[in-house]
Structures are given as C-alpha cells and as structure tokens.
Amino acid sequence: MTPADLAALLSSVTRTVVADHDLDTSLVPDAVVIERPRHADHGDYATNVALQLGKKLGVNPRELAGWLADAFAAADGIAKAEVAGPGFVNIWLAAAAQNTVVATVLDRGTQYGRGDEFADKVINLEFVSANPTGPIHLGGTRWAAVGDALGRVLAARGAAVTREYYFNDHGAQIDRFARSLEAAALGEPTPEDGYAGEYIVDIARQVTEQVPDVLDQPEVQRVETFRAVGVDLMFDHIKKSLHEFGTDFDVFTHENKMFETGLVDECIAELKANGNLYESDGAWWLRTEQYGDDKDRVVIKSDGEAAYIAGDIAYYRDKRNRGFNLCIYMLGADHHGYIKRLKAAAASLGDDPETVEVLIGQMVNLVRDGKPVRMSKRAGTVITLDDLVDAVGVDAARYALIRSSIDVNIDIDLDLLAKQSNDNPVYYVQYAHARLAALGRNADDLGLSASTEHLDLLDTAEEGDLIKTLGDFDEVVATAATLREPHRICRYLESLAGTYHRFYAHCRVLPQGDEEAGDIHRARLALCAASRQVLANGLALVGVGAPERM
C-alpha cells in the first residue's frame with residue numbers, strides 16, 4: 001500500500017464514519033493528509049484529519065479521532081490505529097500491505113514517481129537567458145541545472161513543458177560586445193565599458209578568420225560585422241556549453257525578433273486600444289500601478305525609442321499566442337522588481353496575472369582550500385559554467401547546484417565535490433546506486449533472482465524503514481513539482497541512500513558460504529531492486545547519472 005493508497009483508504013473510511021454519525025460527508029477531503037512520524041513507536045503513519053474536521057462537524061476532535069481509530073484498525077491492510085494527543089491518529093500497517101510498495105515500484109519501473117495532476121498545464125519554462133556577450137556565468141549555471149531539473153519534474157507530473165532560452169540580442173550590451181571584439185582584433189585596449197577575457201580574443205580571432213577583410217571595412221560596417229558574426233559565435237559557445245552540461249532547450253527566441261517582426265508594434269497598438277497605455281511628458285506609459293506594480297512603467301521613451309519592458313511585454317504576449325497557459329520565468333537575484341511588473345503586464349493585456357510565475361534565484365559562491373574562488377582566465381572577471389565543470393565534472397556540478405533551495409545563497413566547496421567519500425552528497429547517492437548494481441550482478445552470478453512472492457517476510461525495522469522511504473518518492477516528486485522545488489528530489493535521494501546503507505548493514509541479502517538461498521533472500525533482492533529503481537528515477541529527474549560501477 002503506497003502512501004497515496006493509504007490516504008485514499010483513510011478518506012473513504014472517514015467518510016463512512018462521518019455518515020454513520022449523521023454528519024456532513026461533503027467536508028471530508030478526497031485524500032486524507034498523512035505523514036511519517038519522527039519516532040517509530042508512533043506508528044508507520046499519522047493523520048490529523050480529526051483535528052481538521054472536528055470543529056467543522058461540531059464534534060470534539062479527540063472523540064472523532066476515537067471513532068476513526070476504531071474504523072481504521074478494522075480496514076484491510078491496517079494492523080493497528082491509536083489516538084494520540086488532542087486528536088491525532090497513529091497508524092500501523094500490516095506487513096503484507098506495507099510491503100506491496102516494493103511490487104508497485106518494480107511493476108511501474110521508470111514510471112514510478114510520475115503522475116498526471118499537471119496534465120492541464122502547457123508550460124513555457126524560460127531560464128538562463130543570458131546575454132550573448134560572454135560565457136554562462138555561475139548564476140546562469142545554477143539556473144541551467146535547476147531549470148532543467150524543474151522542467152523534468154513538471155513533465156513527470158503530466159505537464160507539457162517547453163524549455164525556452166530568450167537571447168537578449170537587442171540593445172546597448174550588444175554594442176559594447178561588438179566594440180570589445182573590434183578592439184581585440186585591432187590590438188587596442190578594451191573599451192572602458194566593454195568586455196574582457198580570453199574569450200573576447202578567441203571570438204575576435206574567429207571573426208577575422210571567417211571574414212578576412214573585416215579590418216579593412218569602414219568603421220560602421222566593421223562594427224556591424226563583429227556584432228553579427230561575434231554574436232553567432234557566442235551563441236554557438238553558449239549552446240555547446242549548455243548541451244555538454246546536460247541542459248538542452250526546445251526553443252531559442254531572439255529579442256530582436258520582437259522588434260524586427262513587428263510584435264512590439266502590435267503589442268503597443270493593442271495596449272493603446274484597450275486604454276492601458278497613455279501619453280505623458282512625451283513618453284508612453286503602461287498603467288501597471290493599477291495592476292499591482294509599484295508604479296507605472298515607460299514603454300516608449302520621449303525620444304521615440306522602445307524601453308526594455310516593451311520587448312518583455314511583446315514576448316509574454318507571443319508566448320500566450322503560442323498556446324501556453326503558464327509562463328514561468330526564472331530570473332536572477334537582482335530581478336525582484338520583475339515579479340509585479342510582468343504580472344501587471346499580463347493583466348494589462350487582459351490576462352490572468354497567475355499565467356505569469358517568476359522564480360528568483362540567489363547567488364552562488366565557489367570555495368577552494370577554504371577561500372573564495374574569484375577569477376576566471378577565460379571570462380576575465382567571473383566564474384563560468386565551463387570553469388565549474390572543468391573543476392568537478394557535470395554530475396557533481398549539477399547536483400550541487402540543484403540540492404539547495406533557490407531562495408538561499410550557496411557556497412560550493414570544490415574540494416568536497418572532488419572527493420569520493422560519503423561527505424560528498426552526489427557521490428553518496430551515486431555510490432548507493434552502484435552498490436545496488438553490484439549486488440544485482442553478484443546475485444546473477446549465484447543464479448539468484450528477485451521475487452515479490454514473499455514480501456511478508458520483510459519484517460525488520462530496517463526493511464520497514466526502507467520500504468516506507470520508497471513509498472514516499474511519489475509524494476516527494478509531486479510536492480517538488482507543485483512548489484517548484486527540485487532540490488527536494490536531491491534531499492530525498494540522500495535520505496534514501498542513507499536508509500539503504502543502514503538496511504544493508506543489518507540485513508544480509510545474499511546467502512553466505514554453503515547457505516541455501518531462500519525466500520527471504522529473494523524478497524530482499526526485490527527490495528534492493530526497487531531501491532535501485534527509485535534511485536535511478538530520482539537521479540534522472542535532476543539530470544544526474546546513475547552509475548553501474550564506481
């Protein structure tokens with residue numbers, strides 16, 4: 001019985017109890033909330049449904065809990081139920097019922113942990129979206145890992161997810177990039193507000209190789225050549241780095257497209273027509289304050305040039321016109337103002353502001369030998385995605401960036417991630433999977449196969465803990481999708497790995513010496529196979545490998 005099965009069973013029993021006492025059954029939820037108690041002597045699971053319903057039904061919660069405990073204990077698969085505290089009910093499952101989780105995992109295989117509660121969501125997930133003026137920096141690298149993992153988790157729960165990268169290739173930063181390339185090619189100092197680093201020299205050299213006469217062109221044409229060719233080369237580098245990092249995008253949209261195809265003009269015309277764009281002091285302002293923003297925003301400046309927000313609004317409108325009913329933006333720590341701004345922009349176009357969701361990620365710091373790592377030779381001033389991967393590898397880098405909530409700054413210890421020890425979280429989880437793979441190979445050598453026919457034999461505390469932890473996976477993935485928190489998957493995997501290692505230390509899986517293989521060995525092999533499957537499923541959701549050997 002999985003936790004979801006138990007929640008549904010308790011709901012059905014609760015509804016019957018409420019009906020038997022002539023009370024309002026419409027107040028009973030479809031799935032009763034259950035949780036794992038911290039102490040084993042408080043049961044396998046506990047529920048506070050009596051506390052939730054008592055006041056609504058006009059019944060003392062503890063009295064209601066007594067009625068429910070008696071009914072729960074009589075239900076198939078439940079060995080015992082007791083009232084605790086002001087109205088909690090602690091529940092012990094029958095071993096046979098609890099252990100069916102193993103069979104469920106093995107039956108569902110790679111599909112275990114997947115659901116369909118987001119099947120009505122067509123999601124545009126935009127992340128990274130770094131300016132094409134340099135390699136992906138560390139903040140963008142965090143989004144490359146977290147965004148990709150979030151896309152995987154949302155898709156696992158039924159959403160149709162399109163991963164999109166928005167290239168900001170329109171504006172002053174591109175001008176500075178082109179001027180920096182030109183200066184490097186001419187052997188001149190980097191412009192005061194330009195970009196420095198080996199990558200600028202590399203790209204400048206590639207531009208001159210592709211366009212040999214570029215330095216002989218008139219200045220305006222020369223700068224435009226460095227802009228056009230240089231931006232394409234930078235795009236290629238960014239895409240290659242992201243792909244090698246395990247992060248691929250379905251769509252690459254260029255900011256220039258919003259202007260070149262007339263989408264910005266169409267959007268402005270629509271906002272003027274619906275009265276949400278007004279003229280003042282020679283500029284055109286969007287009425288964002290009335291939709292919850294801090295103030296109205298300039299969309300067309302007094303000189304007739306479009307403000308940055310003009311492209312943002314047109315881009316949102318373009319997403320909606322492509323059929324997305326939820327647009328998730330993953331932005332950096334300095335973009336808090338965009339939350340209200342983008343929601344207000346959606347409202348000004350007549351949309352529900354809830355079609356916009358903005359996630360803000362905090363900073364990442366690298367540490368080596370106890371000291372901050374600050375300089376990248378390639379980028380000149382910042383640590384890049386390539387630097388991090390070169391230091392610790394793709395799996396360690398991704399896992400380290402995903403395993404913490406995006407709401408907090410994180411320090412990544414390069415020394416720790418390079419170690420093959422239990423102190424290294426990704427090694428700890430991957431080692432558990434490799435250990436299980438080795439166990440499977442050893443069982444094959446003995447001619448011993450897993451069997452779910454005698455799961456009732458799995459009755460030790462360590463076996464029970466492992467089975468319950470396997471049962472938690474589905475809810476962990478569902479919660480990670482709902483809260484947009486893929487780090488929950490990593491923390492769960494670490495817990496599962498620890499629970500498995502404790503099980504292995506106390507429960508012998510394979511027969512030793514001349515011992516004859518029995519049903520308990522086959523049942524434990526099934527439990528190990530289920531554990532391996534869940535570890536693999538979880539690692540896949542965060543885009544990290546599940547090695548067979550380490």
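- As named in an unreviewed UniProt entry, the chain is Arginine--tRNA ligase, taken from Gordonia polyisoprenivorans.
- UniProt, in its Sequence similarities (unreviewed entry) section for the chain, records the words "Belongs to the class-I aminoacyl-tRNA synthetase family."
- Taken verbatim from the UniProt record of the chain, the Subcellular location (unreviewed entry) comment is "Cytoplasm".

## Things to note about the packing of helix H15 (residues 394-402) against helix H17 (residues 425-445)
Logical step 1: It is the contact of H15 with H17, at a shortest axis distance of 9 Å, that shows an interaxial angle of 115 degrees. It follows that H15 is roughly perpendicular to H17 by the angle criterion. The way H15 lies across H17 gives a crossing that is right-handed. Of the residues in H17, those touching H15 at Asp395, Ala396 and Tyr399 are Pro425, Val426, Val429 and Gln430.

## Some remarks on the side chain of Ser405
Logical step 1: Residue position: Ser405 is located in the loop between H15 and strand E15 (410-413).
Logical step 2: In contact with Ser405, not counting residues within four places along its chain, are Arg142 and His487.

## Overview of unusual backbone geometry
Logical step 1: Of note, the phi angle at Asp22 is positive, near 55 degrees, even though the residue is not glycine.
Logical step 2: Its place among the elements puts Asp22 in the loop between helix H1 (3-20) and strand E1 (34-35).
Logical step 3: Positioned with a positive phi, Asp369 is a non-glycine residue whose angle comes to about 55 degrees.
Logical step 4: Mapped onto the secondary structure, Asp369 falls in the loop between strand E13 (364-368) and strand E14 (371-372).
Logical step 5: Its relative accessible area of 61% is what places Asp369 among the exposed residues.

## Looking at the domain arrangement of the chain
Logical step 1: Assigned domains of the chain: these are domain 1 (3-93) and domain 2 (100-115 + 422-542).
Logical step 2: The C-alpha centroid of domain 2 is placed 29 Å from the C-alpha centroid of domain 1.
Logical step 3: Each side of the interface is counted separately: domain 1 has four residues, and domain 2 has five residues.
Logical step 4: Summed over both partners, the interface of domain 1 with domain 2 buries about 440 Å², with 45% contributed by carbon and sulfur atoms.
Logical step 5: Interface area lost by domain 1 to domain 2 is led by Pro3, Arg36 and Asp44, which between them contribute 81%.
Logical step 6: Seen at the junction of domain 1 and domain 2, the total is two salt bridges.
Logical step 7: Among the salt bridges present, the one from Arg36 reaches Asp472, with a minimum N-O distance of 2.4 Å.
Logical step 8: Taken together, the connections running from domain 1 to domain 2 amount to three residue pairs in polar contact (both at pLDDT 80 or more).

## Brief notes about the UniProt feature "short sequence motif: 'HIGH' region" (unreviewed entry) in the chain
Logical step 1: The feature "short sequence motif: 'HIGH' region" (unreviewed entry), as given by UniProt, occupies residues 130-140 in the numbering adopted here.
Logical step 2: For the annotated span residues 130-140, helix accounts for 27% and strand for 0% of the residues, and the straight-line distance between the end C-alpha atoms is 7 Å.

## A closer look at the packing of helix H2 (residues 49-57) against helix H3 (residues 61-74)
Two packed helices can be described by the angle between their axes and the distance between those axes.
Logical step 1: H3 packs onto H2 with a crossing angle of 120 degrees between their chain directions and a minimal axis gap of 8 Å. Considering their axes alone, H2 and H3 lie oblique with respect to each other. When you trace H2 past H3, the crossing you get is right-handed. Each of Val49, Ala50, Leu51, Leu53, Gly54 and Leu57 in H2 lies in contact with H3, whose residues at this interface are Pro61, Leu64, Ala65 and Leu68.
Logical step 2: Counted by class, the contact of H2 with H3 contains nine nonpolar, one polar and no charged residues.

## Some words on the layout of surface pockets
In this approach, a probe sized like a water molecule rolls over the atoms, and the result shows the empty space that is left.
Logical step 1: Quantified by volume, the largest pocket comes out at close to 1300 Å³.
Logical step 2: Lining the largest pocket are 46 residues, and of these Ala130, His137, Gly139, Gly140 and His335 lie nearest its centre.
Logical step 3: Elements represented by at least two residues in the lining of the largest pocket include exactly helix H6 (138-156), helix H12 (308-321), strand E11 (326-331), helix H13 (337-348) and E13.
Logical step 4: The greatest single-element share of the lining of the largest pocket, amounting to five residues, is contributed by H6.
Logical step 5: In the lining of the largest pocket, the residues fall into 26 nonpolar, 15 polar and five charged.
Logical step 6: For the second largest pocket, the calculated volume is near 810 Å³.

## Observations concerning the UniProt feature "domain: Arginyl tRNA synthetase N-terminal" (unreviewed entry) in the chain
Logical step 1: What UniProt calls "domain: Arginyl tRNA synthetase N-terminal" (unreviewed entry) maps, in this numbering, to residues 4-93.
Logical step 2: For residues 4-93, the end-to-end C-alpha separation is 14 Å, with 44% helix and 20% strand making up the annotated structure.

## A word on the nonpolar core
Logical step 1: Counting residues in each nonpolar core, the largest one holds 108 residues, and the members touching the most others are Val128, Tyr165, Phe177, Met330, Ile412 and Ile489.
Logical step 2: Listed in part, the 30 residues of the second largest apolar core include Ile309, Phe324, Leu331 and Leu342.

## Quick look at H12
Logical step 1: The first and last C-alpha atoms of H12 sit 21 Å apart over 14 residues, in line with the 20 Å expected at 1.5 Å per residue.
Logical step 2: Taking burial as the measure, the 14 residues of H12 include 11 buried ones, the bulk of the element.
Logical step 3: One or two steps after H12, the chain reaches Gly323, where phi turns positive at roughly 100 degrees.

## Considerations on the side chain of Lys319
Logical step 1: For Lys319, the location among the structural elements is in helix H12.
Logical step 2: With relative accessibility at 0%, the residue Lys319 sits in the buried group.
Logical step 3: Once you skip the residues sitting within four places of it in the chain, Lys319 turns out to touch Asn124, Glu126, Phe324, Cys327 and Tyr329.

Criteria and cut-off values
- Residues numbered from 1 in each chain as written.
- Predicted model: local features only at pLDDT ≥ 70, side-chain atom pairs only at ≥ 80, totals over all residues.
- Heavy atoms only, no water.
- UniProt positions renumbered as here; feature names shortened; annotations may be inferred.
- Axes fitted to C-alpha atoms, helices over the stretch in contact; angles between N-to-C directions.
- Helix = DSSP H or I, 4+ residues; strand = E, 2+ residues; numbered from the N terminus.
- Parallel < 35°, antiparallel > 145°, perpendicular 65-115°, else oblique.
- Left-handed = near helix turned anticlockwise from the far one by under 90°.
- Contact = heavy atoms within 4.5 Å.
- Buried < 20%, exposed > 50% of the residue type's maximum accessible area, 1.4 Å probe, protein only.
- Domains from an automatic or database assignment.
- Buried area = accessible area lost by both parts, 1.4 Å probe.
- Salt bridge = Lys/Arg side-chain N within 4 Å of Asp/Glu carboxyl O.
- Polar contact = N/O pair within 3.5 Å; in protein donor to acceptor, adjacent residues only side chain to side chain.
- Nonpolar A, V, L, I, M, F, W, Y, C, P; charged D, E, K, R; others polar.
- 1 Å grid on protein atoms, 1.4 Å probe; cavity = no way out; pocket = protein on both sides within 12 Å on 5 of 7 lines; lining within 4 Å.
- Points joined across faces, edges and corners; volume = space filled by probe spheres on them.
- Core = buried A, V, L, I, M, F, W, Y, C linked by side-chain atoms within 4.5 Å.
- Expected span 1.5 Å × (residues − 1).

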